[in-house]
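Now for the letters of each chain:
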Amino acid sequence: MTGTFTNAPAEGFTPGGPARPDSRPAVSASGVSKIYGAGDAAVHALRGVTVGFARGAFTAIMGPSGSGKSTLMHCLAGLDVVSKGSVVLGDIEITGLDDRRLTLLRRERVGFVFQAFNLLPTLTAEQNILLAVELAGGKVDRSWFDHVIEVLGLRDRLKHRPSELSGGQQQRVACARALVSRPEVIFADEPTGNLDSRSGAEVLGFLRASVREMGQTIIMVTHDPVAASYADRVVFLRDGEVVSELAGPTPDRVLDELKRLGA
């Protein structure tokens, strides 16, 4: 079974519990529109979206298929160029940056966790975790590395290759890879979509822990109400617009809102 989780959260983690985020946004969008194509074939994926994401908080983005949630995440992360409006990450307006500067910004300030684990099969877990930092010419903070792998429970898996790890363990390695560079924000795109319910709950618990114990900022796109309930806040999109949000979400409240939106 993959995709939707029906089991309870991992022991020791309280989904939707109170957070103490910094009031300054880690990333924000102002009047962002994204149009693909032109003329009669134009698709308006985002329509004047204005939204901010607090530091040290876990936010989920949800909505019906085609609502623009993945497009919004890609624009916030500098993976896609907006058609109109502006995106600010930390203290930098990324709108209009050239490819070189965007690449540097993503490398230095942003972490990614995707549905596909994107691990190199010939490298060990430890080598996969450290690869991005080393390719960027950065220096690994070993005390921080040790803390990350302790929180994620990877100490006895560091010498294993991806084929020797379960799906949940592989995604934990991907989470560690995103965390080890201490990015300002981590973007997670359906990070549990390829996992069974138990592994998915474990990974969500670890993401939750990274917010509470490490002060990490996480923005996650998901379709699943249980996954969203691990967040502090859920932002809902429909037809390319932000239409509502929930603080302290529960699976039932999220599901009710999705039904109301026609998801």
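Residues numbered from 1 in each chain as written. Predicted model: local features only at pLDDT ≥ 70, side-chain atom pairs only at ≥ 80, totals over all residues. Heavy atoms only, no water.

## Some remarks on the pairing of strand 7 (residues 185-189)
Burial within strand 7 is extensive, with 5 of its 5 residues counted as buried. Covered by surrounding structure in strand 7 are V185, F187 and D189 together with I186 and A188, the residues of both alternating faces. In this structure, strand 6 (residues 110-114) lies alongside strand 7, joined through 5 bridges in parallel fashion. Bridged to G111 within strand 7 is I186. Looking at chain direction, strand 7 and strand 8 (residues 218-221) are connected through 4 bridges and run parallel. (Buried < 20%, exposed > 50% of the residue type's maximum accessible area, 1.4 Å probe, protein only. Helix = DSSP H or I, 4+ residues; strand = E, 2+ residues; numbered from the N terminus. Pairing = 2+ DSSP bridges.)

## A few points about the packing of aromatic side chains
Two numbers describe a pair of aromatic rings. These are the distance of the centres and the angle of the planes. One pass over the structure, following the stated rule, counts 2 aromatic pairs. With a centroid separation of 5.6 Å and an interplanar angle of 5°, the aromatic rings of F112 and F114 are classed as stacked. Exposure remark for F114: the relative accessible area of 28% places this residue in the partly exposed category. Ring plane angle 25° and centroid distance 6.2 Å describe the contact between F112 and F187, whose orientation is recorded as stacked. (Phe/Tyr/Trp six-rings, centres within 6.5 Å; stacked < 30°, edge-to-face > 60°.)

## Observations concerning the sheet that holds strand 8
On the basis of which strands lie adjacent, the open sheet formed by 6 strands has the order 6-7-8-3-9-10 and mixed pairing. Where the open sheet ends on each side, the last strands, each with one partner, are strand 6 and strand 10 (241-247). The average undirected angle you get between the axes of adjacent strands in this sheet is 20°. Packing of helix 5 (residues 167-179) onto the sheet brings it into contact with strand 6 and strand 7, and relative to strand 6 it is tilted by some 170°. Contacting strand 3 (58-62), strand 9 (233-238) and strand 10, helix 8 (residues 251-261) runs over the sheet at an angle of about 10° to strand 9. (Axes fitted to C-alpha atoms, helices over the stretch in contact; angles between N-to-C directions. Contact = heavy atoms within 4.5 Å.)

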